[in-house]
Structure formats: C-alpha cells, structure tokens
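Notes for the structure review
Here are the chains, one letter per residue:
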Amino acid sequence: MAAALDEVDEFRSAQELHDMLKHRGDSVGLTTVYRTLQSLADAGDVDVLRTNDGESVYRRCSTGDHHHHLVCRVCGKAVEVEGPAVEQWAETIAAEHGFVAVAHTVEVFGTCAECASGNGPGAAASSGQDMSGR
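Residues numbered from 1 in each chain as written. Predicted model: local features only at pLDDT ≥ 70, side-chain atom pairs only at ≥ 80, totals over all residues. Heavy atoms only, no water.

**Quick look at the sheet that holds strand β5 (residues 78-81)**
Paired through their backbone hydrogen bonds, the strands of a sheet run either parallel or antiparallel. Here three strands make up an open sheet; going across it, the order is β5-β4-β6 and the pairing mixed. Looking at which strands have only one partner, the edges of the open sheet turn out to be β5 and β6 (107-110). Here the strands of the sheet are splayed against their neighbours by 20° on average, with no regard to which way each runs. (Pairing = 2+ DSSP bridges. Helix = DSSP H or I, 4+ residues; strand = E, 2+ residues; numbered from the N terminus. Axes fitted to C-alpha atoms, helices over the stretch in contact; angles between N-to-C directions.)

Here you go:
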C-alpha cells in the first residue's frame, strides 16, 4: 500500500489504489485497502480529502508538519502549503469562543497553471472528479 501511495502525487480513492495494486499482481482485498488507509490517516501518514460526491481520497504526506493544500479541480494535483495567517485566525477565533484543543483543515481549490494553460494532464479530458465540493 505504501509503495502505491509513493508512486502518485495526486489524491486517489481507495478503489483506485486497490486497482493499482491488483494490476501490479498484489492480492489484497478492498476492505484491507480501506482499513490500511484509515490507519495511515489516523497516524498522520496520509492526507484525506472529500470529493464532491463525498468519497474520501488519499495522498501520502510529504511532511509530518501541519499543512494545508492547494488542489487542482481539473487534474487533482495537490501542493502542500503553510498558512500562518490561518493558524493565527483559528487560535484567535477559538479563544474568543472559549474553545481549546482546536484542530482544523483548510483546502483551497482552483486550477493549476498547467491545466489553466491547456497543457496539464487533465486539460484535454477532465476526469470529472471535482474535489472542490462544488
């Protein structure tokens, strides 16, 4: 499973990862893939996003530090970014309302430069998987 996640830069569904493993000749059940992904997510080893249709998609974290994502709606490319202003805002708004032990996620969706220019992997034929929730 870890090797399959290391091979891709974009977010992938459990079904897509299962298909990758099957095509490689690995004998693993879809339930095992889901359980492994959940364990990796709980450990902070993979990032998880929800697609427009509510499906979870996964990607190997390149850093163990807290981060956010810029995600291309067309090709699914994701870039990990820091957001100090977001961190400060979350702490301030939580404190104003008496919340402690606060966690948050921020994902910013748009179109990457390659897809916007018509040269990206998803520019010719969009996958139809809009991960923006729109």
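**Side note on the sheet that holds strand β1 (residues 12-13)**
Strand order in this open sheet of three strands is β1-β3-β2, and the pairing throughout is antiparallel. Of all strands in the sheet, those bounded by a partner on one side alone are β1 and β2 (46-50). Inspection of the sheet shows β2 paired to strand β3 (residues 56-60) by five bridges, in the antiparallel sense. Each bridged residue has a counterpart across the sheet, and for L49 the counterpart in β3 is V57.

**Overview of helix α3 (residues 30-42)**
Between its first and last C-alpha atoms α3 spans 18 Å; for 13 residues at 1.5 Å apiece the expected length is 18 Å, and the two agree. Residues V33, L37 and L40 constitute the buried set of α3. Taken end-on, α3 shows its buried residues confined to a sector of 65°, consistent with a single buried face. Among the exposed residues of α3, those pointing more than 90 degrees away from its buried face are R35 and D42. Its buried side turned inward, α3 meets α1 (2-6), α2 (14-23), β2 and β3. (Expected span 1.5 Å × (residues − 1). Buried < 20%, exposed > 50% of the residue type's maximum accessible area, 1.4 Å probe, protein only. Arc of directions from axis to C-beta. Contact = heavy atoms within 4.5 Å.)

**Describing the nonpolar core**
Ranked by size, the top nonpolar core spans twelve residues in total: A4, L5, V8, A14, L17, M20, L21, V33, L37, L40, V46 and Y58. For this core, the secondary-structure elements that each account for two or more residues are α1, α2 and α3. F11, L49, V71 and A78 belong to the second largest nonpolar core, which has five residues in total. (Core = buried A, V, L, I, M, F, W, Y, C linked by side-chain atoms within 4.5 Å.)

**Looking at a nonpolar patch on the surface**
Together, L70, V79 and V108 give the surface a local cluster of nonpolar side chains, amounting to about 210 Å² of exposed area. Relative to the helices and strands, L70 resides in strand β4 (residues 68-72). (Patch = residues over 30% accessible without salt bridge, like charges linked within 9 Å, V, L, I, M, F, W, Y side chains within 5 Å. Areas by Shrake-Rupley, 256 points an atom, 1.4 Å probe, with all protein chains shown as cover. Salt bridge = Lys/Arg side-chain N within 4 Å of Asp/Glu carboxyl O.)

**Quick word on the side chain of H69**
Counting through the fold element by element, H69 comes out in strand β4. If near-sequence neighbours (up to four positions away) are discounted, H69 is found in contact with F11, D47, R59, V79, E80, V81, V106, E107 and V108.

**Things to note about the environment of C61**
Mapping C61 onto the fold places it in the loop between β3 and β4. Overall, the relative accessible area of 15% leaves C61 in the buried class. Considered as a pair, C61 and D47 are 14 residues apart in the sequence and their alpha carbons are 5.9 Å apart. When residues no more than four places from it in sequence are discounted, the contact partners of C61 are G44, D45, V46, D47, H67 and E80.

**Considering the packing of α2 against α3**
Two elements in contact, α2 and α3, have axes whose closest approach is 9 Å; the angle formed by their N-to-C orientations is 120°. In this view, α2 runs oblique relative to α3, as classed from their interaxial angle. The crossing of α2 and α3 is right-handed. Mapping the contact onto sequence places A14, Q15, L17, H18 and L21 in α2 and L30, V33, Y34 and L37 in α3. Looking at the contact of α2 with α3 residue by residue, the classes come out as seven nonpolar, two polar and no charged. (Parallel < 35°, antiparallel > 145°, perpendicular 65-115°, else oblique. Left-handed = near helix turned anticlockwise from the far one by under 90°. Nonpolar A, V, L, I, M, F, W, Y, C, P; charged D, E, K, R; others polar.)

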